Amino acid sequence: MVAAMNQALQDAGISDTITTAGQFQPRGTSGAFMAGGLIGGTAGDAIGGSVGGAIGDIAGVLAGSRAASEAQGLPEFMLVGVSPTMVYGMRGRSRHKEPDQLVFAVARKGLRPVVHQRGMVRVLELIHDDTNSRIELEGSRVPVTHAKDVISVLTESQE
């Protein structure tokens with residue numbers, strides 16, 4: 001992920017070096033995912049039994065995930081990378097492919113990361129108190145996503 005993000009930054013003409021990267025989604029994605037699946041599955045059961053329920057589950061999950069993304073104004077899947085001076089968010093679903101669009105770039109100076117533990121995810125809020133701007137993300141607790149690595153790097157300077 002680090003190499004893919006560094007290549008994407010270079011392709012975008014940004015001369016910075018990511019040292020840590022992880023996969024994130026907009027805050028609220030996992031909750032919307034669950035709610036969408038429940039609603040879709042229930043509706044599908046009523047219309048078409050178990051096959052309808054399975055189809056409804058899938059449709060509901062996809063709709064819920066997309067709704068959370070649109071509510072936050074962020075892509076459904078992102079790679080977040082940290083350099084010594086910046087935090088970058090880029091649209092990208094795969095840990096193995098170069099992300100294709102820069103979504104945000106925020107300076108670490110003045111940035112206050114806040115972490116909340118929520119069930120299967122960690123919520124990461126990137127807050128700039130001077131401007132009162134914030135980016136709200138959630139990262140899976142599954143180790144291969146490396147969300148914990150990003151959170152650790154951002155919060156270690158606060159300790």
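Note that the structure is predicted; figures quoted are calculated from it, not measured. (Residues numbered from 1 in each chain as written. Predicted model: local features only at pLDDT ≥ 70, side-chain atom pairs only at ≥ 80, totals over all residues. Heavy atoms only, no water.)

S.K.: Explain the packing of aromatic side chains to me, please; I cannot follow it from the model alone.
M.R.: Each aromatic ring pair is characterised by the separation of its centres together with the angle its planes make. A full pass over the atoms with the stated rule returns zero aromatic pairs. Directly above the ring of Phe77 sits Arg93, whose terminal nitrogen or CZ lies 4.0 Å from the centroid. (Phe/Tyr/Trp six-rings, centres within 6.5 Å; stacked < 30°, edge-to-face > 60°. Lys NZ or Arg CZ within 6 Å of the ring centre and 35° of its normal.)

S.K.: Quick question: what am I supposed to make of the pattern of salt bridges here?
M.R.: For side chains bearing opposite charge, pairing can occur when the charged atoms are close. As enumerated under the stated definition, the model contains three salt bridges in all. The salt bridge involving Arg91 is made with Asp100; its shortest N-O contact spans 2.8 Å. Judged by its relative accessible area of 35%, Arg91 is partly exposed. Exposure remark for Asp100: the relative accessible area of 55% places this residue in the exposed category. For Arg134, the salt bridge is made with Glu125, and the minimal N-O distance between the two is 2.4 Å. Overall, Arg134 belongs to the partly exposed group, its relative accessible area being 42%. Judged by relative accessible area, Glu125 falls into the buried class, the value being 6%. (Salt bridge = Lys/Arg side-chain N within 4 Å of Asp/Glu carboxyl O. Buried < 20%, exposed > 50% of the residue type's maximum accessible area, 1.4 Å probe, protein only.)

S.K.: How should I be thinking about the side chain of Arg122 in this particular structure?
M.R.: Within the element layout of this structure, Arg122 appears in strand E6 (residues 121–128). Among buried charged residues, Arg122 stands out as having no salt bridge; its nearest opposite-charge side chain is Asp149, 8.5 Å away. Each residue touching Arg122, except ones within four places of it in the same chain, is listed here: His116, Gln117, Leu137, Glu138, Gly139, Ser140, Arg141, Lys148 and Ile151. (Helix = DSSP H or I, 4+ residues; strand = E, 2+ residues; numbered from the N terminus. Lys, Arg positive; Asp, Glu negative; His and termini not counted. Contact = heavy atoms within 4.5 Å.)

S.K.: Quick question: what am I supposed to make of the environment of Leu111 here?
M.R.: With respect to the element layout, Leu111 can be found in strand E5 (residues 111–118). According to the relative accessible area criterion, Leu111 is buried, its value standing at 14%. The sequence separation of Leu111 and Met86 amounts to 25 residues, and the corresponding C-alpha distance is 9.5 Å. Apart from the residues within four sequence positions on either side, Leu111 is in contact with Val87, Val106, Leu126, Ile127 and His128.

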